[in-house]
Amino acid sequence: GDSVTQMEGPVTLSEEAFLTINCTYTATGYPSLFWYVQYPGEGLQLLLKATKADDKGSNKGFEATYRKETTSFHLEKGSVQVSDSAVYFCALSDITNSGGYQKVTFGTGTKLQVIP
Amino acid sequence: DAGVIQSPRHEVTEMGQEVTLRCKPISGHNSLFWYRQTMMRGLELLIYFNNNVPIDDSGMPEDRFSAKMPNASFSTLKIQPSEPRDSAVYFCASSLGLAGANEQFFGPGTRLTVL
């Protein structure tokens, strides 16, 4: 079945450091890929997405490129801020065999802590 | 525009009691999801509705859990009887169109504690 693997956290960085959170996936079809972010005490919210190979999703200084050859969708940001402290979830959506709907599979999440 | 609304935000109950969690999706969205989040198991999809019809309930843990969507603006998740291992944060999410293709909008969650 489909799966998403994320690097384990927590990741602790100083403000203005470069961020990479690794994400790899396994899927039977041609999935869409997402990064969601969860701030403390809140629900998840979409950060960025990519729907086909070589697409780059970007938002709020974050970027991720859909790499089909390496089945990866790593999240990057050039200069993190304290306000970026949150849990980041990589996810994919793919057609399942039952009912033909695109089920979303989430990774386990990576906690990012940015210190001043 | 209001986002996904969940109630209550916090629920503390004793083992064996019935618990009902409520969700109002974003107006116009026709897909609704219930998730459970724990430290041990992460984020798990419990059930997915499309146009008020349950499409995938394979994630519902056992018969103690049930979910309904009587209309497009309301859904409930019921646990009866509740057990301590049900303690978790339960999220409701909604989206436009078929699941997976579009962004899911999450509610703030209900933190359930079963003593």
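Above this text sits the structure in question.
In this report, the structure presented in the accompanying data block is examined.

Basis of the calculations
Residues numbered from 1 in each chain as written. Chains lettered and ligands numbered in written order. Predicted model: local features only at pLDDT ≥ 70, side-chain atom pairs only at ≥ 80, totals over all residues. Heavy atoms only, no water. Helix = DSSP H or I, 4+ residues; strand = E, 2+ residues; numbered from the N terminus. Rg over C-alpha atoms; globule rule 2.2 N^0.38 Å. Contact = heavy atoms within 4.5 Å. Areas by Shrake-Rupley, 256 points an atom, 1.4 Å probe, with all protein chains shown as cover. Lys, Arg positive; Asp, Glu negative; His and termini not counted. Charge placed at Lys NZ, Arg CZ, Asp CG, Glu CD. Disulfide = S-S within 2.5 Å. Buried < 20%, exposed > 50% of the residue type's maximum accessible area, 1.4 Å probe, protein only. Core = buried A, V, L, I, M, F, W, Y, C linked by side-chain atoms within 4.5 Å. Buried area = accessible area lost by both parts, 1.4 Å probe. Salt bridge = Lys/Arg side-chain N within 4 Å of Asp/Glu carboxyl O. Polar contact = N/O pair within 3.5 Å; in protein donor to acceptor, adjacent residues only side chain to side chain. Nonpolar A, V, L, I, M, F, W, Y, C, P; charged D, E, K, R; others polar.

The next thing to look at is the overall build of chain A. The helix and strand tally for chain A stands at zero helices and 12 strands. Helices and strands in chain A line up, N terminus first, as β-β-β-β-β-β-β-β-β-β-β-β. In terms of overall dimensions, chain A is globule-like: its C-alpha atoms have a radius of gyration of 14 Å, near the 13 Å expected for 116 residues. Taken along the three principal axes of its C-alpha coordinates, chain A extends 50 × 30 × 20 Å. Summarising the internal contacts of chain A: among those between residues at least 6 apart in sequence, 56% fall at separations of at least 24. In the structure as shown, chain A presents an accessible area of about 5600 Å², 48% of it carried by carbon and sulfur atoms. In chain A, 9 positive and 12 negative side-chain charges are present, and the distance between their average locations comes to 5 Å.

Turning next to the state of the cysteines. Residues and elements named next belong to chain A. Evaluation of the coordinates by the stated rule reveals two disulfides over all chains. Between Cys23 and Cys90 runs a disulfide, and the two sulfur atoms are separated by 2.0 Å. Between Cys23 and Cys90 the sulfur-sulfur dihedral comes to about -70°; the bridge is accordingly left-handed. Note that Cys23 is positioned in strand S4 (residues 23-26) and Cys90 in strand S10 (residues 86-95), a separation of 67 residues in sequence. You'll find Cys23 and Cys90 in the same group, each marked buried.

All right, on to the nonpolar core then. Here is a general trend for soluble globular proteins: nonpolar side chains tend to be buried in one another's company. Trp35, Leu47, Leu48, Phe73, Leu75 and Tyr88 of chain A are the most contacted members of the largest nonpolar core, which totals 26 residues. Top contributing element to this core by residue count: S10 of chain A, with four residues. In contact with Leu48 of chain A, not counting residues within four places along its chain, are Leu33, Phe34, Trp35, Gly57, Ser58, Asn59, Phe62, Glu63, Ala64, Phe73 and Leu75 of chain A. Core analysis: the second largest hydrophobic core is formed by 21 residues, Leu46, Met60, Leu77 and Tyr90 of chain B among them.

Quoted interface sizes are often the accessible area lost when the parts come together. The interface of chain A with chain B comprises 16 residues on the first partner and 18 residues on the second. Carbon and sulfur atoms supply 56% of the area that chain A and chain B bury against each other, a total of about 1500 Å² over both sides. Contact with chain B buries area across many residues of chain A, yet Leu44, Tyr101 and Phe106 of chain A alone supply 35% of it, more than any other trio. Between the two partners, chain A and chain B, sit zero salt bridges. Across the chain A-chain B interface, the total number found is two residue pairs in polar contact (both at pLDDT 80 or more). Taken together, the elements giving at least two residues each to the side of chain A that touches chain B come down to strand S5 (32-38), strand S6 (44-50), S10 and strand S11 (102-106) of chain A. Looking at the side of chain A that touches chain B residue by residue, the classes come out as eight nonpolar, five polar and three charged.

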